[in-house]
Amino acid sequence: MSSWNFIKTELNDKDFLIDCRSASGYQESTFKGAYSFPFIKKAFASDPESQKKMTGPLEEILKLIQKEGSLRVLVFDEGMGMFAARMVFLLRAAGFQNTFLYGNRWPVEGVSLEKGSKELELGPGDKLKKLEGVVDKAFLEKNLTRLQIFDTRTQEEYEGKLPRLTAPEPGSLCGRLPGAFLWDWRILYDGQGNLIEKNQFNKKLRSFPFMAERTTVIYDYNGARSSLLALMLREVGYLDVHTYQGSWFEWRKSSLPKQAVSVYGQTGASVVAPRIGGSDRK
């Protein structure tokens, strides 16, 4: 049994199930009645049209939940990963708080399975919808020096050595947001790939000079890895927690200040020493 309240390990007949695994995995076998919404794996910027592409599918999912009379949403992937956490965070941000991560690792024994047939590509919304706890580039630009910013990418990305974790392209700009603290998303899991328990998380949290009352913004490359940390921080008492969905995907293309800047594939670029806080702070 997980110590996290945003994780559930039991399925109910009336649960609305969302599969965030790969399309091939979903089509081969999934929980009976589970949906797949591919938009959750895309990157979104802060401009109005990009925001509609993110909020539109969320609105349609909420309509489906209501249509099916479901009182709870369970989201799963191979094991409490980034895209499932992102879906949970965004559905809660859109107003459906009774949304949870499914805490059992795939494949799950003793549960009815079928070939996935509800893979829905949902279009953009007609108008902007505010998501609670999601901020845009304009907010960051205005408040940059007053924020507590966490970068949940890997240390290689944070130090400006890689533009992103998977499929980095030569010529891509590497770096980070100014003043961001590194919180490598991989340390949120134990050696077996399970999410660390709440007491372990709190112990790690106390080793950093963070303030629970300060406005906190979390980012990564495309808005996925940051959502898990946001869920965890909110549960341990951080009340003013936000994700920046544009993340480095958007910020790198702007004229706004950056740190540890380099161009992937080029040599000779200088890299600023990482600022990671806690006992290792330099």
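Trainee: So, the packing of aromatic side chains: which residues are in play, and what are the values?
Mentor: Each aromatic ring pair is specified by the distance between its two centres and by the angle formed by the two planes. Applying the stated criterion across every chain yields a total of 18 aromatic pairs. Geometrically, the ring pair formed by Trp 183 and Phe 210 is stacked, given 5.8 Å between the ring centres and 25° between the ring planes. Of this pair, Trp 183 sits in the loop between strand E10 (181–182) and helix H6 (198–206) while Phe 210 sits in the loop between H6 and strand E11 (216–219), placing them 27 residues apart in sequence. The same class applies to Trp 183 as to Phe 210, namely buried.

Trainee: How would you summarise the sheet that holds strand E7 (residues 134–135) if you had to cite specific residues and measurements?
Mentor: Strand order in the open sheet made by the 5 strands is E7-E12-E11-E8-E10, with parallel pairing throughout. The open sheet has two free edges, formed respectively by E7 and E10, since each of these has just one partner strand.

Trainee: Run through helix H7 (residues 225–235), naming residues and quoting values.
Mentor: Taking burial as the measure, the 11 residues of H7 include 9 buried ones, the bulk of the element. When we look at burial in H7, the residues that qualify are Arg 225, Ser 226, Ser 227, Leu 228, Leu 229, Ala 230, Leu 231, Met 232 and Leu 233. One or two positions beyond H7, positive phi appears at Gly 237, with a value near 110°.

Trainee: Which residues make up the sheet that holds strand E1 (residues 7–8), and what values go with them?
Mentor: With parallel pairing, 4 strands are arranged side by side in an open sheet as E1-E5-E4-E2. Both outer strands of the open sheet, E1 and strand E2 (16–19), are each paired with one neighbouring strand and no more. Taken together, the 3 bridges between strand E4 (residues 73–76) and strand E5 (residues 99–102) define a ladder with parallel strand orientation. When the bridges of E5 are listed, Val 75 appears paired with Leu 101. In the packing of helix H3 (residues 82–93) onto the sheet, the strands contacted are E2, E4 and E5, and the crossing angle to E5 comes to about 170°.

Conventions and cut-offs
- Residues numbered from 1 in each chain as written.
- Predicted model: local features only at pLDDT ≥ 70, side-chain atom pairs only at ≥ 80, totals over all residues.
- Heavy atoms only, no water.
- Phe/Tyr/Trp six-rings, centres within 6.5 Å; stacked < 30°, edge-to-face > 60°.
- Helix = DSSP H or I, 4+ residues; strand = E, 2+ residues; numbered from the N terminus.
- Buried < 20%, exposed > 50% of the residue type's maximum accessible area, 1.4 Å probe, protein only.
- Pairing = 2+ DSSP bridges.
- Contact = heavy atoms within 4.5 Å.
- Axes fitted to C-alpha atoms, helices over the stretch in contact; angles between N-to-C directions.

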